Amino acid sequence: MSMLHIVNKSALDRNSLETCVNHTVKGATILMIEDGVYSAMKNTASTGMVEGAMKDVSVAVLGPDLKARGISEDKLIDGVTVVDYAGFVELTTKNDSVQSWL
Amino acid sequence: MSEVKKFLYVNRKAPYGTIYAWESLEVVLIGAAFDQDVALAFIDDGVYQLVKGQDTKEIGMKNFSPTYSALGDYDINKIYVEKESLEARGLTIDDLQHLVWEDEDEDWAEKDSIKVVSSAEMAEIMDQSEVVLSF
């Protein structure tokens, strides 16, 4: 079973991403949307946690939400995939189930 | 006749994901009509509100970041951004909009409105404030 985990809040605002990471199994995908996209950035206090998670899960981030917040792709952690809305839909159909972390 | 008080607007949330950042700005602009001694504080995720280069076209929301640069025209020139909050987010003052105000007492010289302060300095600023509105 592959699950798509969606996180919409910043890791420095809420512990949702941390809890999510602690509940993923190998092969899962984490998609960061809305304020969650900040957690895809390099050099933050939560970067280590995300890089650690990337050993077992893939991490994607929603491009439009990055642009809205003025975050350019060169500021992202290596290996994070930027998707657009079509890519978001594809992730939901490609995975067996979806869990949204609030 | 009416006393001027020191107002502080505390911003701790990122823009767009929730309405707090926008609402805070709206209250600041409306409150400007009352001619108080206004300061704004940006702490924790609030510092993200001032990041430059916001383009909201693809998320279908209004880009309200240009409004911050209008604050100087409303005599709001004390914009405190917390250093530790920037550092925890991998940001520096160069990632933020360059906000300025024109000092009429110095021949309209353009000055910086943003002051990066430590949390200890921010605590002092908060302690000296008389009316604190949090968003």
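Cut-offs and rules
- Residues numbered from 1 in each chain as written.
- Chains lettered and ligands numbered in written order.
- Predicted model: local features only at pLDDT ≥ 70, side-chain atom pairs only at ≥ 80, totals over all residues.
- Helix = DSSP H or I, 4+ residues; strand = E, 2+ residues; numbered from the N terminus.
- Rg over C-alpha atoms; globule rule 2.2 N^0.38 Å.
- Contact = placed C-beta atoms within 7 Å.
- Buried ≥ 20, exposed ≤ 12 C-beta atoms within 10 Å, placed from the backbone.
- Nonpolar A, V, L, I, M, F, W, Y, C, P; charged D, E, K, R; others polar.
- Expected span 1.5 Å × (residues − 1).
- Arc of directions from axis to C-beta.
- Core = buried A, V, L, I, M, F, W, Y, C linked by C-beta atoms within 7 Å.
- Pairing = 2+ DSSP bridges.
- Right-handed = clockwise from strand over helix to strand, strands pointing away.

Caption draft 1: Geometry of the overall build of chain A. Along its length, chain A carries four helices and five strands. Along chain A, from the amino end to the carboxyl end, the secondary structure elements read β-α-β-α-β-α-β-α-β. For chain A, whose C-alpha radius of gyration is 12 Å, the value lies close to the compact-globule estimate of 13 Å for 102 residues. Across its three principal directions, the C-alpha atoms of chain A cover 35 × 30 × 25 Å. Considering only contacts in chain A between residues 6 or more positions apart, those separated by 24 or more positions represent 69%.

Caption draft 2: View of the overall build of chain B. Helix and strand content of chain B: three helices and seven strands. Going from N to C terminus, chain B has its helices and strands arranged as β-α-β-β-α-β-β-β-α-β. Over its C-alpha trace chain B gives a radius of gyration of 15 Å, about what one expects of a compact globule, namely 14 Å for 135 residues. Taken over the C-alpha atoms alone, chain B extends approximately 50 × 30 × 30 Å along its principal axes. Among the 135 residues that make up chain B, the fraction classed as buried is 33%. Taking contacts inside chain B between residues at least 6 apart in sequence as the whole, the part at least 24 apart equals 77%.

Caption draft 3: Looking closely at the interface of chain B and chain A. Between chain B and chain A, the contact holds 19 residues from the first and 19 residues from the second. For the side of chain B that touches chain A, the per-class residue count stands at eight nonpolar, five polar and six charged.

Caption draft 4: Examining helix α1 (residues 20-31) of chain B more closely. Residues and elements named next belong to chain B. In this model, α1 (twelve residues) spans 16 Å end to end at C-alpha, consistent with the 16 Å of a helix rising 1.5 Å per residue. Looking at α1, one finds that the buried residues are A21, S24, L25 and V28. Down the axis, α1 shows its buried residues gathered within 100° of arc, on one side only. The exposed set on the far side of α1, more than 90 degrees from its buried face, consists of E23 and I30. On its buried side, α1 packs onto β1 (6-11) and β2 (37-42).

Caption draft 5: View of the nonpolar core. Counting 52 residues, the largest nonpolar core has M32 and V37 of chain A together with L40 and A41 of chain B as its most contacted members. Counting only elements with at least two residues in this core, the list comes to β1 (3-7), α1 (16-21), β2 (29-32) and β3 (58-62) of chain A together with β1, α1, β2 and β3 (79-82) of chain B. For this core, the element with the highest residue contribution is β2 of chain B, accounting for five residues. Non-local contacts of M32 of chain A, meaning those with residues more than four positions away in its chain, are made with V7, V37, S39, A40, V61 and L62 of chain A.

Caption draft 6: Focus on the pairing of β2 of chain A. Residues and elements named next belong to chain A. In this structure, β1 lies alongside β2, joined through four bridges in parallel fashion. Opposite V7, over in β2, you have M32 as the bridge partner. In this fold, β1 hands off to α1, which returns the chain to β2; that crossover is right-handed. Note that β2 and β3 share four bridges and pair parallel. By the bridge assignment for β3, M32 is matched with V61.

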